[in-house]
Amino acid sequence: MSARPDFAETLAHARAQRIEAMLARRLIAAGRERPGRIRIDGRELIDFGSNDYLGLAQHPRLLASLHRASQAGARASHLLGGHQPVHEALESALADWLGYPRALLFSTGYMAATGTLQALLGRHDLCVQDRLNHACLLDGARLAGARLERYQHADATSAADVLAAHPQRRALVVTDSVFSMDGDVAPLAELAAVARRERAWLIVDEAHGLGVLGPEGRGACAAAGLSAEDVPVWMGTLGKALGCFGAVIAGSDLVIDTLIDRARSFVYTTAMPPALAEAALEAVALARAADAERTHLVALIARLRSGAAALGLELLPSATPIQPLLLGSPERALTWAEALRAAACYCPAVRPPTVPAGSARLRISLSAAHSLDDVDRLLEALETQLATGH
Ligand SMILES: *Cc1c(COP(=O)(O)O)cnc(C)c1O
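This structure is a prediction, so every number in the text was calculated from the model and none was measured. (Residues numbered from 1 in each chain as written. Predicted model: local features only at pLDDT ≥ 70, side-chain atom pairs only at ≥ 80, totals over all residues. Heavy atoms only, no water.)

**Student:** Is there a simple way to explain the site of the ligand in this structure?
**Tutor:** Neighbouring residues of the ligand: 13 residues in total, closest Gly109, Tyr110, Asp205, His208 and Lys240. Within the backbone of Gly109, a nitrogen or oxygen atom sits 2.7 Å from an oxygen atom of the ligand. The side chain of His208 places a nitrogen or oxygen atom 2.5 Å from an oxygen atom of the ligand. Computed on the free molecule, the ligand has an accessible area of 370 Å², of which 83% lies beneath the protein chains in the complex. Going through the elements one at a time, helix H4 (109-120) and strand S8 (233-237) are the ones with two or more residues in the shell around the ligand. Of the residues contributing to the shell around the ligand, the split by class is 4 nonpolar, 6 polar and 3 charged. (Near = heavy atom within 4 Å. Polar contact = N/O pair within 3.5 Å; in protein donor to acceptor, adjacent residues only side chain to side chain. Areas by Shrake-Rupley, 256 points an atom, 1.4 Å probe, with all protein chains shown as cover. Helix = DSSP H or I, 4+ residues; strand = E, 2+ residues; numbered from the N terminus. Nonpolar A, V, L, I, M, F, W, Y, C, P; charged D, E, K, R; others polar.)

Rendered as structure tokens:
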């Protein structure tokens, strides 16, 4: 018999340890029949767990475009015949909205990030990232084999120090615009100034900014007054505020042509289903015009924050629809999530390694599909749970 460790045995041991530490994960099959609501175990709850910030995921125009579809799949990769006129139209609509010369579709944000960083960076390059960046950005730098250095969260001076320590290397500065588990916004204007001074490029992941912030919902970069020159590589996703699926990189001809040649997660995968591209095209038009929804979101955020403050509950400092309640241990986060669920509010607990150790939290996210009444019901549930002292 070989002395080789047994796979099943070691996996079972590791899983048991995660269960013991309250860090094991479990899938639940959740129905989402109506905007702003989620069905779990047969009960309908208010859904504070989605990224459907504008309430577009069930918009009749998106659903109609899916029903009109004449093909389920694109049949081939973009480069081998899968790229269709609707993809072209969607890329043009996105480039026009975002104020960039070109845009390129990816199947998911995760693939856009990993493919873009892998395509742009080589082994001798430096990739400077916020320490709370989304996992796909960190994974992209690792995939590229670049030297990955992380700076203090939302600290442009710390980013500048890292760059200054490596003056000889080509460098990318990479940040989330709205941090996905914290809800705060990166100091984008400062980072752009640092990048310009250091001859580095700035890449911003607007997964949670697109549709939500800035003029016409163009995102946090636009809200900060940054242009395509300040942010040479701009990333957004279509699965959050746009209510669809997929992702986009916006940039110059040179950036986009480089990605078409080199981004492995673009080249070696099937093109986005055309029906989905049709739906996303509708979503772009709707999101651009969704000023009323954005205004309503601001009112919901204000209601939640003032209500929480009145209860003495401290939400993380965030002006976006992501409103986390820090609870510390995984056990406490799970207890609160369970109690809120019993009170018909779904707020998912987020635990390490998604967030740093000791900072497990409820990730409360608001949507234009919510009413002020929904927020009040959440506040009541929070008050009840607070009174238990747990
Ligand atoms: C969700 C998210 C992604 C991944 O996008 P998908 O389209 O869901 O793969 C990338 N970056 C950030 C910041 C995200 O929150």
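**Student:** Before we go on, may I ask you to explain the side chain of Gln118 in this structure?
**Tutor:** Along the polypeptide, Gln118 turns up in helix H4. Within the local environment of Gln118, its side chain forms a polar contact with the backbone nitrogen of Arg264, the two atoms lying 2.9 Å apart. In this structure, Gln118 is in contact with Gly140, Leu143, Ala144, Arg262, Ala263 and Arg264, ignoring residues within four places of it in sequence. (Contact = heavy atoms within 4.5 Å.)

**Student:** I keep staring at the environment of His124 and nothing clicks. Help me out?
**Tutor:** The residue His124 is located in the loop between H4 and strand S4 (126-130) in this model. When the C-alpha atoms of His124 and Arg169 are compared, they prove to be 6.8 Å apart, with 45 residues separating the residues in sequence.

**Student:** Help me out: how do you make sense of the sheet that holds strand S10 (residues 322-328) in this one?
**Tutor:** Adjacent strands of a sheet form backbone hydrogen bonds with each other and so pair up, either parallel or antiparallel. In space, the 3 strands of this open sheet follow the order S10-S13-S12, with antiparallel pairing throughout. Both outer strands of the open sheet, S10 and strand S12 (349-350), are each paired with one neighbouring strand and no more. With 2 bridges connecting them, S12 and strand S13 (residues 360-365) associate as antiparallel partners. Counterpart to Ala349 in the pairing with S13 is Leu362. (Pairing = 2+ DSSP bridges.)

**Student:** Explain helix H3 (residues 85-98) here, please?
**Tutor:** Side chains three or four residues apart in an α-helix point the same way, a direct result of the helix having 3.6 residues per turn. Between its first and last C-alpha, H3 extends 20 Å over 14 residues, near the 20 Å set by a 1.5 Å rise per residue. All of the buried residues along H3 are Val86, His87, Leu90, Glu91, Ala93, Leu94, Ala95, Trp97 and Leu98. Structurally, H3 contributes buried residues whose contacts are with strand S3 (102-106), S8, strand S9 (247-251) and helix H11 (274-288). Positive backbone phi, approximately 80°, marks Gly99, located one or two places after H3. (Expected span 1.5 Å × (residues − 1). Buried < 20%, exposed > 50% of the residue type's maximum accessible area, 1.4 Å probe, protein only.)

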